[in-house]
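A closer look at the structure
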Amino acid sequence: MKSPAYLFQKKFWLQGLLMGGLALFSMTCATSPSGRRQLTLFSQEAMRDLGQKSFEKMKQEQTLSENLEINQYVQCVTNALTAGLDPEWQNGWEVVVFQEDSANAFALPGRRIGVHTGLLEVAKTPDQLAAVISHEISHVQARHGNERMSQQMAAQLGLAVAAVSVDSETPSGRATLAALGLGTQYGVLLPFSRTHESEADQLGLHLMAQAGFDPTQSIVLWQNMSDQNNAQPPEWMSSHPSHASRINDLKTALPEALGVQIQDKESKCVPPALTG
Ligand SMILES: [Zn+2]
């Protein structure tokens, strides 16, 4: 038989969780650059620290490219893109080239971008590389990492509420706090959802055009991707918008992007001579 004190405790926990959850939800809805409502439960500072620490860890654990030409090239394209951003977004970016054969790139909160050397086999020109990097910058600008972690946390909070109401023996407080302590792994921040991928595609298209790159090359990039049979799906393909639907969406958004493209600005970034 349950004591009244126990029942009170259980009720207290349930109420606390529900009210806490509701308060979080009501206070932390943001809007993405394309006007989509977002759940962002974490502060920008917390996300920045998490992203930057995760990035440092990756730099320690993985092999960095020592090819000066490649590093300069990727840096050059990144600089051209960030120079086209609004002033508050122009500084503090770090791009690192990892010696990895997969055609991949990724972004972490805190303005950190990773590019695999294998990407350059698919993104063959500065415009095509700009299509990928502008997509990654857009993930950061649109707070997709925060949103992804918030969604996971909300899901776990929901599970915790369910656990309390179903299993009376659950030490819910500790379990919930442990669940909320997630996020020390970069695995939590990636991969992004299909919604995030489409949004980053659209925002990235605008961004590359704004920086003087040719947005039509984003379509060529996807065709190259489609031709390449990669065992490991790249980050921006991980949630599977099909190549065809992705290319169609980009074609639809192209006229707007061409409208903002700075036509007479030519990229000075020189692609490295690829061997093999
Ligand atoms: Zn992506």
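Residues numbered from 1 in each chain as written. Predicted model: local features only at pLDDT ≥ 70, side-chain atom pairs only at ≥ 80, totals over all residues.

Before going further, it helps to examine helix α2 (residues 44–61). Helix length check: α2 (18 residues) gives 26 Å between terminal C-alpha atoms against 26 Å at 1.5 Å per residue, within 8%. Within the sequence span of α2, burial applies to Met 47, Arg 48, Leu 50, Gly 51, Ser 54 and Phe 55. For α2, the arc enclosing every buried residue in end-on projection is 165°, short of the 170-degree limit, so these residues lie on one face. Exposed residues pointing more than 90 degrees away from the buried face of α2 are listed as Glu 45, Glu 56 and Gln 60. (Helix = DSSP H or I, 4+ residues; strand = E, 2+ residues; numbered from the N terminus. Expected span 1.5 Å × (residues − 1). Buried ≥ 20, exposed ≤ 12 C-beta atoms within 10 Å, placed from the backbone. Arc of directions from axis to C-beta.)

Spatially, β3-β5-β4 is the arrangement adopted by the 3 strands of the open sheet, whose pairing is mixed. Of all the strands in the sheet, just β3 (94–98) and β4 (105–108) have a single pairing partner and so form its edges. Neighbour-to-neighbour, the strand axes of the sheet open up by a mean angle of 20°, direction not taken into account. One ladder, built from 4 bridges, connects β4 with strand β5 (residues 112–116); its direction is antiparallel. Bridge pairing in β5 links Ala 107 to Ile 113. Sitting on the sheet, α2 touches β3, β4 and β5, and the angle it makes with β5 is about 30°. Packing of helix α3 (residues 68–83) onto the sheet brings it into contact with β3 and β5, and relative to β3 it is tilted by some 145°. (Pairing = 2+ DSSP bridges. Axes fitted to C-alpha atoms, helices over the stretch in contact; angles between N-to-C directions. Contact = placed C-beta atoms within 7 Å.)

A word on the pairing of β5. For β5, the tally of buried residues reaches 5 of 5 residues, placing the bulk of the element in the interior. Residues Arg 112, Gly 114 and His 116 of β5 are buried on one face, and the alternating residues Ile 113 and Val 115, pointing to the opposite face, are buried as well. From the end of β4 to the start of β5, which pair antiparallel, there are 3 residues, and Gly 110 there has a positive phi angle of about 90°.

Counting 45 residues, the largest nonpolar core has Val 77, Leu 81, Ala 130, Ile 133 and Met 208 as its most contacted members. For this core, the secondary-structure elements that each account for two or more residues are α3, β3, β4, β5, α4 (126–141), α7 (194–210), α8 (217–227) and α9 (243–260). The element contributing the most residues to this core is α4, with 7 residues. Residues in contact with Val 77, not counting those within four places in the same chain, are Pro 126, Leu 129, Ala 130, Ile 133 and Cys 269. (Core = buried A, V, L, I, M, F, W, Y, C linked by C-beta atoms within 7 Å.)

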